Amino acid sequence: DIDRAWWKEAVVYQIYPRSFNDSDGDGLGDIPGIVEKVDYLDDLGVDCVWLNPVYESPGVDNGYDISDYRAIMDEFGTMADWEELRDALHERDIRLIMDLVVNHTSDEHAWFVDSRSAKDSEYRDYYWWREGRDPEGTGLDPDEYETPAGVDEVPPNNWESFFGGPAWTYDDRTGEWYLHLFDERMPDVNWETKALREELFEMMQWWFDNGIDGFRMDVINLISKPDGLPDADAPDEIVKGVDQFTNGPRVHEYLSELHDRVLDGTDAMTVGEMAELSIEEAKRYVGEDGDGMSMVFTFDHMRLDMTDAGRWSFRESSPRELKESMTHWQEGLADEGWNSLFLNNHDEPRQVSRFGDEEYRRESAKLLATLLHTLRGTPYIYQGEELGMTNYPFDSLDEVHDVDTIKNVRTALRTGRLEEDDVMDLVRYRTRDNARTPMQWDDSEHAGFTDGDPWMPVNPNKDDINAAEAQNDPDSVWHYYRDLISLRKERDVLVYGDYDLRLRDHESLWVYTRTLETPDADETLLVVLNFDGDETRFEPPTDLMGESAEILVSNYDVAVDAVEPTTLRPWEARVYDLS
Ligand code: ISL
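Analysis parameters
- Residues numbered from 1 in each chain as written.
- Predicted model: local features only at pLDDT ≥ 70, side-chain atom pairs only at ≥ 80, totals over all residues.
- Heavy atoms only, no water.
- Pairing = 2+ DSSP bridges.
- Helix = DSSP H or I, 4+ residues; strand = E, 2+ residues; numbered from the N terminus.
- Axes fitted to C-alpha atoms, helices over the stretch in contact; angles between N-to-C directions.
- Patch = residues over 30% accessible without salt bridge, like charges linked within 9 Å, V, L, I, M, F, W, Y side chains within 5 Å.
- Areas by Shrake-Rupley, 256 points an atom, 1.4 Å probe, with all protein chains shown as cover.
- Salt bridge = Lys/Arg side-chain N within 4 Å of Asp/Glu carboxyl O.
- Lys, Arg positive; Asp, Glu negative; His and termini not counted.
- Charge placed at Lys NZ, Arg CZ, Asp CG, Glu CD.
- Buried < 20%, exposed > 50% of the residue type's maximum accessible area, 1.4 Å probe, protein only.
- Near = heavy atom within 4 Å.
- Polar contact = N/O pair within 3.5 Å; in protein donor to acceptor, adjacent residues only side chain to side chain.
- Nonpolar A, V, L, I, M, F, W, Y, C, P; charged D, E, K, R; others polar.
- Domains from an automatic or database assignment.
- Phe/Tyr/Trp six-rings, centres within 6.5 Å; stacked < 30°, edge-to-face > 60°.
- Lys NZ or Arg CZ within 6 Å of the ring centre and 35° of its normal.
- Core = buried A, V, L, I, M, F, W, Y, C linked by side-chain atoms within 4.5 Å.
- Contact = heavy atoms within 4.5 Å.
- Buried area = accessible area lost by both parts, 1.4 Å probe.

1. Structural notes on the sheet that holds strand S14 (residues 498–502)
Here is step 1 of the chain: Within the open sheet, the 5 strands sit side by side as S14-S15-S16-S20-S18. Their pairing is antiparallel. A single partner strand is all that each edge strand has here, and the edge strands are S14 and strand S18 (550–554). Across this sheet, the average inter-strand angle for adjacent strands is 25°, counted without regard to direction.

In structure tokens, the structure reads:
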């Protein structure tokens, strides 16, 4: 018996509204722009859209700094525009999930404006306010913190922000410090305050009442901070304090409460974004035995190309490491839980540039697509991925908008973790802005994204890589995605089948079967991926391959006999049907 759920069968398409489509020529994408492209999504065949934040926001972190959870950012449109988008999607059987950012708000949120105004504000404990400490004996250097003249204090602990620099900022209105794990304009809310939790649950309910189908939950495993806010245990950590505030002591209590209050009895999908997570921890968040989340985003495979020095470092990683890392999660959540499958998103470089090969762009984009749609879990496509979009050739930091890149590079230079000469190579490789250049719709001046000046430059490769061209070319990456999406709907084995790795130790081949045995079906698929720009010898496993083996998917024209030993071409991907 298959334990079915719509979100297991869905293919999700992620839209970063700022860079998707601009309808009014201000250079920023907007909601009416998305509405114009709903037929495009329908053509591609996706089942669900995850919309990055569109709420009212001053835009310090492109919308992850929310100043009003129940309003749409002016530049993106109005609530009526949002309703039109919701309806346009629903009419085409495409669901809509929203980004839920409840670890922090903007400093312009009314709660924070009130909270910071006075120690006895009724919103004071919606955030984390603490007195500073005498620097003596803390090991902290007061010069590292910005305080007004005469205030010789360091913050309550040594935690650091993910964007670089301290996680605490001194506020002279009340002479206390507030906590922010991200930018200082993004204060962390305090989930210990019951009234805050109530407000958040009501807000979530309000969005469900407005017809959404679920939430992607931003950094949701950071919401519980440990009692007493102790210093980081490991003072050498790249972001000091991660060990303290990740998967904190009350996180499961909060999330079960959230589940009982808002989600229970609905078929809503929830996907929790969780940096730093083991399989055992993941199981505590998902499913009925856990906190009831549908699935989690995990990031082990996004760390393979970093050293212990974190995101602003680089190490060469191998296809085999990617295979091992993703297999670890495939096997770990085989019986309990559910994987979310992604190779890029709005925070990561483009997948072809990172895990594929720009020289074999088309082939490697299709190989990665094959992987995404044939592993066990829910595939997430990030806008432009279906065109095989690549990283942007950044020349200088002046072209970078991303607050994370700018601040972290500054911090890494100051602390000597990064050399000036290495900055641009690393930025070109790593910056989140690689994912944020405008969607390439056609080969016109701004790639059909806007009639005005785009907020981010368009990738110069838009003449070759664009949706219009791809939709006209039956051999394009786009058509390949479309075929895989439709195949997934026809074959339960792709959704529910077991994953079994073959040739575990092979350096460049990733080979696995998906098998589904039910009273009505006995299906086996064999997936063969050559993660290499060179040819690779492949001996089909004779225990599996019978005369009936047929090639179901291929990213090359296949004229070779499926069952014989064969040479796989650069980045060749094949799916055999052994049923
Ligand atoms: O990309 C990173 C910057 O350091 C990640 O560490 C990222 O910040 C982390 O995965 C959390 O990301 C989410 O929350 C952030 C926001 O900037 C990201 O865009 C979002 O996906 C703060 O809300």
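2. Thoughts on a negative patch on the surface
Here is step 1 of the chain: Judged by side-chain charge, Glu280, Glu281, Glu288, Asp289, Asp335, Glu336, Asp498, Asp500, Glu517 and Asp522 come together as a negatively charged surface patch.
Here is step 2 of the chain: Looking at the negative patch, the elements that each hand over two or more residues are helix H9 (279–285) and S14.
Here is step 3 of the chain: Within the secondary structure, Glu336 sits in the loop between helix H10 (319–332) and strand S12 (340–341).
Here is step 4 of the chain: Glu336 gets classed as partly exposed once you look at its relative accessible area, which sits at 38%.

3. Things to note about the site of the ligand
Here is step 1 of the chain: In the region of the ligand, 16 residues are neighbours, and Asp61, His104, Asp218, His346 and Asp347 sit closest.
Here is step 2 of the chain: The separation between an oxygen atom of the ligand and a polar side-chain atom of Asp61 is 2.5 Å.
Here is step 3 of the chain: Separating an oxygen atom of the ligand from a side-chain N or O atom of His346 is a distance of 2.9 Å.
Here is step 4 of the chain: Considered on its own, the ligand offers 490 Å² of accessible surface; in the complex 94% of this is hidden by protein.
Here is step 5 of the chain: The class makeup of the residues in the shell around the ligand is 5 nonpolar, 2 polar and 9 charged.
Here is step 6 of the chain: Residue-level mapping places the shell around the ligand at the junction of two domains, with at least three residues from each of domain 1 (6–104 + 194–220 + 246–396 + 437–480) and domain 2 (105–188).

4. Here we look at the packing of aromatic side chains
Here is step 1 of the chain: What the rule picks out here adds up to 36 aromatic pairs.
Here is step 2 of the chain: An angle of 80° between the planes, with centres 5.4 Å apart, marks the rings of Phe208 and Phe215 as edge-to-face.
Here is step 3 of the chain: Sitting over the face of the ring of Trp338, Lys8 holds its NZ or CZ atom 5.2 Å from the ring centroid.
Here is step 4 of the chain: Sitting over the face of the ring of Trp129, Arg124 holds its NZ or CZ atom 4.0 Å from the ring centroid.

5. Things to note about unusual backbone geometry
Here is step 1 of the chain: Positive phi is not limited to glycine here, since Leu229 has a value of about 45°.
Here is step 2 of the chain: As for its position among the elements, Leu229 is in the loop between strand S9 (214–217) and helix H7 (242–245).
Here is step 3 of the chain: Its identity as a non-glycine residue notwithstanding, Ala447 has a phi of 60°, on the positive side.
Here is step 4 of the chain: On the secondary structure map, Ala447 appears in the loop between helix H14 (423–430) and helix H15 (467–472).
Here is step 5 of the chain: Residue classification places Ala447 among the buried positions, given a relative accessible area of 0%.

6. Observations regarding the sheet that holds strand S5 (residues 95–100)
Here is step 1 of the chain: The 8 strands lie next to each other as S11-S10-S9-S5-S2-S1-S13-S12, forming an open sheet whose pairing is parallel. The open sheet is flanked by strand S11 (295–297) and S12, the only strands paired with a single partner.
Here is step 2 of the chain: Bridge count between strand S1 (residues 12–15) and strand S2 (residues 48–51): 4 bridges; the pairing is parallel. Bridge pairing in S2 places Tyr13 opposite Val49.

7. Some remarks on the nonpolar core
Here is step 1 of the chain: In this structure, Tyr13, Leu41, Trp82, Trp191, Trp207, Phe215 and Trp510 are the most contacted members of the largest nonpolar core, which totals 155 residues.
Here is step 2 of the chain: When near neighbours in sequence (up to four residues on either side) are disregarded, Trp207 contacts Tyr55, Tyr69, Arg70, Ile72, Met79, Trp82, Met98, Ile212 and Phe215.
Here is step 3 of the chain: In this structure, Phe394, Leu426, Val427 and Ala435 belong to the second largest nonpolar core, which totals 18 residues.

8. With respect to the pattern of salt bridges
Here is step 1 of the chain: Per the stated rule, a full pass over the model turns up 55 salt bridges.
Here is step 2 of the chain: Between Asp305 and Arg430 there is a salt bridge, and its shortest N-O distance comes to 3.0 Å. Pair noted here: Asp305 is in the loop between S11 and H10 and Arg430 is in helix H14, with a separation of 125 residues, a long-range link. Side by side, Asp305 and Arg430 carry an identical accessibility label, which is buried.
Here is step 3 of the chain: Salt-bridge contacts for Arg436 lead to Asp347; the nearest nitrogen and oxygen are separated by 3.1 Å. Taken as a pair, Arg436 in the loop between H14 and H15 and Asp347 in the loop between S12 and helix H11 (351–355) lie far apart in primary sequence, 89 residues in all.

9. Quick notes on the domain arrangement of the chain
Here is step 1 of the chain: Structurally, the chain comprises domain 1 (6–104 + 194–220 + 246–396 + 437–480), domain 2 (105–188), domain 3 (397–430) and domain 4 (498–577).
Here is step 2 of the chain: The distance between the C-alpha centroids of domain 1 and domain 3 comes to 24 Å.
Here is step 3 of the chain: The interface is formed by 18 residues belonging to domain 1 together with 17 residues belonging to domain 3.
Here is step 4 of the chain: Between domain 1 and domain 3, the buried area comes to about 1800 Å², and carbon and sulfur atoms account for 55% of it.
Here is step 5 of the chain: Area buried by domain 1 at its contact with domain 3 is led by Trp312, Phe394 and Ser396, which between them contribute 46% of it.
Here is step 6 of the chain: Between the two partners, domain 1 and domain 3, sit 2 salt bridges.
Here is step 7 of the chain: Linking Arg311 and Asp404 is a salt bridge whose minimum nitrogen-to-oxygen distance equals 2.8 Å.
Here is step 8 of the chain: Across the contact surface, domain 1 and domain 3 share 10 residue pairs in polar contact (both at pLDDT 80 or more).

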